[in-house]
Amino acid sequence: MNASEQRFAPGGGPAAKVSVSLRASNIRAVRERVGARGFSAYVDAAVERQIERDLLEEALRENETASGPIPQRLRDEAAELFREVKAAPELQEEGG
């Protein structure tokens, strides 16, 4: 059994070479950000983040099934907090 077939937690295990197809614009954008040598690490991190988001979404759905929907007031408060944090000066890029 090779490394890609063994069971590891997301983000764990050794690197394994695979072939994927990506849109040309995404390939260019990644290369512009990290160069050719950082490409695999960038894509690996993006896949790991997507898996984490998928798992979080599943957990939220299970919680909603068990506890009922989140009240709109709390959703609105969370959205406002997110906007405030995202707009925080210390998170803004210099010269942008």
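Residues numbered from 1 in each chain as written. Predicted model: local features only at pLDDT ≥ 70, side-chain atom pairs only at ≥ 80, totals over all residues. Heavy atoms only, no water.

**Remarks on the packing of aromatic side chains**
Rule in force here: Aromatic pairs are defined between Phe, Tyr and Trp rings, using the six-membered ring for Trp, whenever the two ring centres lie within 6.5 Å; interplanar angles under 30 degrees are classed as stacked, those over 60 as edge-to-face, and all others as tilted. Only Lys NZ and Arg CZ are tested; either one counts as a charge over a ring when it is within 6 Å of the ring centre and within 35 degrees of the ring normal.
Enumeration according to the criterion identifies zero aromatic pairs in this entry. One residue, Arg-31, lies across the ring of Phe-39, its end atom 5.5 Å from the ring centre.

**Details of the environment of Leu-55**
Rule in force here: Secondary structure follows DSSP: runs of H or I at least 4 residues long count as helices, runs of E at least 2 residues long count as strands, and numbering of each begins at the N terminus. Whether a residue is buried, partly exposed or exposed follows from its accessible area with a 1.4 Å probe, protein chains only, as a fraction of its type maximum: under 20%, in between, or over 50%, in that order.
For Leu-55, the position within the fold is in helix 2 (residues 39-67). A relative accessible area of 45% means that Leu-55 is categorised as partly exposed.

**Overview of the environment of Glu-77**
With respect to the helices, strands and loops of the structure, Glu-77 is situated in helix 3 (residues 72-86). Along the backbone, Glu-77 and Asp-54 are 23 residues apart, and their C-alpha atoms lie at a distance of 23 Å.

**Topic: the layout of surface pockets**
For the record, the criterion: As defined here, a cavity is a set of points on a 1 Å grid over the protein atoms alone where a 1.4 Å probe fits but cannot get out. A pocket is an open set with protein on both sides within 12 Å along at least five of seven lines, and residues line them when an atom is within 4 Å of a point. Grid points are joined across faces, edges and corners, and a volume is the space filled by probe spheres set on the points.
Approximately 900 Å³ is the volume attributed to the largest pocket. Ala-15, Ala-16, Val-18, Asp-44 and Val-47 are, among the 24 residues lining the largest pocket, the residues nearest its centre.

**Observations concerning the environment of Ala-88**
By the secondary structure assignment, Ala-88 is in the segment after helix 3. With 15 residues separating them in the primary sequence, Ala-88 and Arg-73 have C-alpha atoms 23 Å apart.

**Focus on the pattern of salt bridges**
Rule in force here: The working definition used for a salt bridge is a side-chain nitrogen of Lys or Arg within 4 Å of a carboxyl oxygen of Asp or Glu.
Here the structure, examined in full by the defined rule, presents five salt bridges. Taking the shortest distance from any N to any O, the salt bridge between Glu-57 and Arg-61 comes out at 3.6 Å. Linking Glu-57 with Arg-61, this pair stays in helix 2, spanning four residues, or about one helical turn. Given the relative accessible area of 47%, Arg-61 is considered partly exposed. One salt bridge connects Arg-83 with Glu-80, and the closest N-O pair in it is separated by 3.0 Å. With Arg-83 and Glu-80 both in helix 3 and three residues apart, this pair spans about one turn of that helix. Under the relative-accessibility criterion, Glu-80 is labelled partly exposed at 34%.

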